[in-house]
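Architecture at a glance
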Amino acid sequence: MKVLSETAFISGKYAKEFEESFAKYIGANHCVAVANGTDALEIGLQAIGVGAGDEVLVPANTFFATAEAVSNIGAKPVFVDIDENYYNIDSAKIEEKITPKTKAIIPVHLYGLPAEMDEIMAIAKKHNLKVLEDCAQAHGATYKGKTVGTFGDVATFSFYPSKNLGAFGDAGAIVSNSKDVADKARLIANHGQPEKYKHNLVGRNSRMDGIQAAVLSIKLPHLEIWLEARRKHAETYNKLLADSGLIVPIAPEHSRHTYHLYVVQVPNREKVMAKLAEDGIDSGLHYPIALPFLEAYADFGHQPSDFPVAHSQMDKILSLPMYAELTDEMIETVCRSLKNAVALTATN
Ligand SMILES: *Cc1c(COP(=O)(O)O)cnc(C)c1O
């Protein structure tokens with residue numbers, strides 16, 4: 001109501017308030033509130049000097065926006081296969097993709113699990129590459145005790161309503177410890193203006209709405225409770241599925257997985273999904289087609305053997321219901337239905 005009565009619709013006081021509290025929560029020096037997570041990626045890449053003709057390393061399995069942002073600023077996404085157990089970029093396969101044109105790596109903390117940042121930062125340092133962390137699915141996840149978004153040169157977040165911290169519409173943020181990077185991002189996101197009608201560069205319009213910022217500021221103090229609830233639900237799922245023979249998510253000891261998604265691997269996936277739906281249980285696919293095999297990147301001519309892990313998991317991964325408000329009874333129902341569906345579809 002204050003946003004409305006003060007007509008603080010675009011950026012302004014409430015966005016600034018959120019920027020300060022979110023930077024503090026992440027443990028970074030600067031936060032720039034923008035219109036959505038995809039814009040955050042594009043602007044974040046530009047702010048660290050990535051542009052036309054550069055190559056950027058991107059995991060083969062992530063949401064499309066990670067690669068789309070690279071393409072939209074005139075750079076080229078170069079895909080790297082994912083790790084078999086953790087679904088994140090396989091750091092052992094990064095170096096073979098580096099060329100003289102490589103400018104940056106985008107580790108995505110997929111499903112809420114931090115990518116292996118020590119290894120990634122060491123490779124970046126050795127080859128003089130920039131690092132942008134795509135934290136859209138991992139607000140508050142930690143790697144060796146440090147919050148994701150504080151390792152690379154810049155990090156981006158999405159507050160799309162279904163994310164672990166969600167607004168009531170589109171919203172995103174860019175986080176950095178570097179004042180220069182944050183200043184550049186803020187300039188780009190606001191028509192290149194350090195002050196009104198002084199345009200220092202050709203930027204764009206990507207600012208957070210005051211209403212979204214106010215919603216996020218109200219929700220942020222609850223985030224830790226919601227993340228802990230998700231972690232508890234994942235434990236309950238793991239326990240109930242221990243005798244199922246299905247591959248359930250695991251996390252290294254040094255990481256705090258925040259379970260934006262709880263992804264299992266199942267045989268006969270389409271049939272299993274249909275059975276779950278018959279029982280009134282929604283499930284999802286993240287993602288049904290790995291990025292190198294999407295029509296948008298058909299020109300790259302990638303073959304399944306180029307990304308054996310991402311390709312082989314495409315038709316097995318299944319995202320089960322996961323949100324803070326789940327109850328143990330609901331998880332029990334999902335697991336019962338899932339085990340039933342797997343058994344039934346194995347025989348016909
Ligand atoms: C959601 C998401 C984005 C894009 O965020 P939007 O706010 O929807 O633009 C980018 N990367 C990943 C990994 C995502 O999950």
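For the structure itself, consult the block above.
Notes on the structure follow.

Cut-offs applied
- Think of each chain on its own: its residues are numbered from 1, step by step along the sequence as written.
- Local features in a predicted model are, by the rule used here, given only for residues with pLDDT of at least 70; side-chain atom pairs are given and counted only at 80 or more, and totals for whole chains, interfaces and linings are based on all residues.
- Values reported for side chains reflect all heavy atoms of the structure, with hydrogen atoms and water molecules removed beforehand.
- A cutoff of 4 Å decides nearness: a residue is near a molecule or strand if any of its heavy atoms lies inside that distance of it.
- Side-chain atoms alone can form a polar contact between residues adjacent in sequence; in general such a contact is a pair of N or O atoms within 3.5 Å, and within protein one must be able to donate a hydrogen while the other accepts it.
- The accessible surface values rely on the Shrake-Rupley method and a 1.4 Å probe; as for residues, cover is taken only from the protein chains in view.
- Residues are said to line a cavity or pocket when one of their atoms sits within 4 Å of a point; the points come from a 1 Å grid over protein atoms alone, cavities being sets where a 1.4 Å probe fits but cannot get out and pockets being open sets with protein on both sides within 12 Å along at least five of seven lines.
- Molecules are considered to sit inside a cavity or pocket once more than half of their atoms lie within 2 Å of its grid points.
- Put simply, DSSP marks the helices as runs of H or I at least four residues long and the strands as runs of E at least two long, and each gets a number from the N terminus on.
- Grid points are joined across faces, edges and corners, and a volume is the space filled by probe spheres set on the points.
- By the convention adopted, Pro, Cys, Tyr, Trp, Phe, Met, Ile, Leu, Val and Ala count as nonpolar, Lys, Arg, Asp and Glu as charged, and the other residues, Gly among them, as polar.
- Domain delimitation follows an automatic or database domain assignment.
- What is meant by a nonpolar core is a set of buried Ala, Val, Leu, Ile, Met, Phe, Trp, Tyr and Cys residues, joined one to another through side-chain atoms within 4.5 Å.
- Each residue gets one of three labels from its accessible area relative to the maximum for its type: buried under 20%, exposed over 50%, partly exposed in between, using a 1.4 Å probe on protein chains only.
- Any two residues whose heavy atoms approach within 4.5 Å at even a single point are treated as in contact.

Topic: the site of the ligand
Near the ligand there are 14 residues, and of these G37, T38, D134, S158 and K163 occur at the shortest range. Between D134 and the ligand, the recorded distance is 2.8 Å, taken from a side-chain N or O atom to a nitrogen atom. Q137 places a side-chain nitrogen or oxygen 2.8 Å from an oxygen atom of the ligand. Protein coverage of the free-state accessible area of the ligand, which is 380 Å², stands at 92%. When each cavity is represented as a set of grid points, the ligand is found to reside in the largest pocket. Of all elements in the fold, only α3 (37–47) and α4 (65–72) reach the threshold of two or more residues within the shell around the ligand. The greatest single-element share of the shell around the ligand, amounting to 3 residues, is contributed by α3.

A few points about empty space enclosed by the protein
Scanning the entire structure with this criterion turns up 1 cavity of 30 Å³ or more. Counted as a void, the largest cavity has a volume near 40 Å³. The residue inventory of the lining of the largest cavity, partitioned by class, reads 6 nonpolar, 2 polar and no charged. Here the lining of the largest cavity spans two domains, and each of domain 1 (2–221) and domain 2 (223–347) adds at least three residues to it.

Topic: the nonpolar core
Counting residues in each nonpolar core, the largest one holds 46 residues, and the members touching the most others are V50, V56, V58, I106 and I174. Secondary-structure elements contributing two or more residues to this core are β1 (30–34), α3, β2 (55–59), α4, α6 (179–189) and α10 (308–313). With sequence-adjacent residues up to four places away left out, V58 is seen in contact with T66, A67, V70, P77, V78, F79, V80, I89, I106 and L291.

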